[in-house]
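Each chain, letter by letter, is given below.
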Amino acid sequence: MKNCGKFIVLEGIDGSGKSTQIELLKKRLLELDQKVHTTTEPTQREVGTLIRKILKKEVSVSEETLAALFVADRLDHIQNQEDGMARLLEDDVNIISDRYYWSSYAYHGLSMPISKVVEMNAICHYHLKPDLTIYLDLTAEESMNRIEKRNEQKEKFETLELLASIRQNYFIAFERHHQNMRIEVINANQDIDACSEQIWKVVNTLFSSK
Ligand code: TYD
């Protein structure tokens with residue numbers, strides 16, 4: 001069956017403002033009378049819950065096992081019967097997801113070749129490709145500043161060196177594995193409204209041609 005809803009993915013390193021921008025984008029789409037579902041990876045479902053424990057260092061598994069769990073969580077995100085993305089898209093619902101397989105390429109590309117992570121995620125790519133990926137680009141330094149302001153315990157990937165490598169991996173992945181998918185890079189150092197305007201300019205093109 002063909003999807004009628006659009007699948008929009010927001011990506012970026014920690015602190016890049018994805019969740020704020022997703023809420024603003026949702027509001028804009030609702031104003032256009034579009035149906036909108038917002039969602040995140042890792043999900044709030046069983047596999048996603050296990051992943052969060054691993055990220056908080058409460059459970060320990062190998063890097064490859066973690067990458068595989070993300071694939072399982074993603075597949076369940078697409079296919080589950082409660083709020084699976086595939087069915088929602090068929091029902092004309094537009095989806096905005098906070099992260100998708102680009103995050104796997106960037107984060108797990110730290111511990112294994114990105115091409116291997118792409119291979120692991122082939123099943124997800126087969127079932128669901130983003131109509132648009134927006135990358136909110138933040139420097140590793142600014143990301144660390146924002147993380148430190150949160151005053152929470154740091155998660156697995158939250159060091160300056162790792163964030164810089166993750167940002168670099170995103171660009172490598174976009175360049176090597178875009179497979180003609182549409183990817184837009186937006187500067188996330190600018191203020192929230194300016195960033196939101198730029199996102200809207202890009203997203204709007206999906207709907208004006210609908
Ligand atoms: P979380 O704090 O839940 O959300 P965010 O930082 O997006 O606001 O963190 C999710 C973490 O999971 C983040 O550090 C990136 C990581 N991650 C992976 O390592 N692989 C993946 O495939 C995805 C989707 C996320």
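In what follows, the structure referred to is the one given above.
Residues numbered from 1 in each chain as written. Predicted model: local features only at pLDDT ≥ 70, side-chain atom pairs only at ≥ 80, totals over all residues. Heavy atoms only, no water.

> What's the story with the packing of helix H3 (residues 63-79) against helix H5 (residues 101-108) in this structure? I'm lost.
Packing of H3 against H5 leaves a shortest axis separation of 11 Å and a crossing angle of 175 degrees. Comparing the axis directions of H3 and H5 gives the class roughly antiparallel. Facing Leu66, Ala67, Phe70 and Arg74 of H3, the residues of H5 in contact are Tyr101, Ser104 and His108. When the residues that make up the contact of H3 with H5 are grouped by side-chain class, the tally is four nonpolar, two polar and one charged. (Axes fitted to C-alpha atoms, helices over the stretch in contact; angles between N-to-C directions. Helix = DSSP H or I, 4+ residues; strand = E, 2+ residues; numbered from the N terminus. Parallel < 35°, antiparallel > 145°, perpendicular 65-115°, else oblique. Contact = heavy atoms within 4.5 Å. Nonpolar A, V, L, I, M, F, W, Y, C, P; charged D, E, K, R; others polar.)

> Help me out: how do you make sense of the pattern of salt bridges in this one?
As a working rule, side chains carrying opposite charge can pair if their charged atoms are close by. Tallying each qualifying case throughout the model produces twelve salt bridges. Between Asp98 and Lys18 there is a salt bridge; the shortest N-O distance is 3.4 Å. Of this pair, Asp98 sits in strand S3 (residues 94-98) while Lys18 sits in helix H1 (residues 18-31), and the two are 80 residues apart along the sequence. Given the relative accessible area of 9%, Lys18 is considered buried. Close ionic contact of Lys156 with Glu63 constitutes a salt bridge, the shortest N to O distance being 2.8 Å. In this pair, Lys156 sits in the loop between helix H8 (140-150) and helix H9 (160-177) while Glu63 sits in helix H3, placing the two residues 93 residues apart along the sequence. (Salt bridge = Lys/Arg side-chain N within 4 Å of Asp/Glu carboxyl O. Buried < 20%, exposed > 50% of the residue type's maximum accessible area, 1.4 Å probe, protein only.)

> I would appreciate a short explanation of helix H10 (residues 192-208) in the present structure.
Counting along an α-helix, one turn takes 3.6 residues, and residues three or four places apart therefore face a common direction. The end-to-end C-alpha distance of H10, which contains 17 residues, comes to 24 Å, matching closely the 24 Å that a straight helix rising 1.5 Å per residue would cover. Helix geometry: H10 is bent most strongly at Val202, by close to 25 degrees. Burial in H10 covers these residues: Cys195, Ser196, Ile199, Trp200, Val202, Val203, Leu206 and Phe207. Buried residues in H10 make contact with strand S1 (7-11), H1, S3, strand S4 (132-137) and strand S5 (183-187). With a side-chain oxygen lying 3.1 Å from the backbone nitrogen of Asp193, the N-terminal cap of H10 falls on Asp191. (Expected span 1.5 Å × (residues − 1). Bend = angle between axes of the 7 residues up to and from the residue. Polar contact = N/O pair within 3.5 Å; in protein donor to acceptor, adjacent residues only side chain to side chain.)

> Please clarify how the packing of aromatic side chains should be interpreted in this entry.
Each aromatic ring pair is described using two quantities: the centre-to-centre distance and the angle formed by the ring planes. With the rule as written, the count across this model stands at 13 aromatic pairs. Measuring from ring centre to ring centre gives 5.5 Å for Trp102 and Tyr105, while their planes differ by 75 degrees; the resulting arrangement is edge-to-face. Of the two residues, Trp102 and Tyr105 are both situated in helix H5; the distance of three residues between them amounts to about one turn of the helix. Per residue, the accessibility class of Trp102 equals that of Tyr105, and both read buried. Ring pairing ties together the aromatic residues Phe7, Tyr100, Tyr101, Trp102, Tyr105, Tyr107, Tyr135, Phe157, Tyr170, Phe171 and Phe174, which thus form one cluster. (Phe/Tyr/Trp six-rings, centres within 6.5 Å; stacked < 30°, edge-to-face > 60°.)

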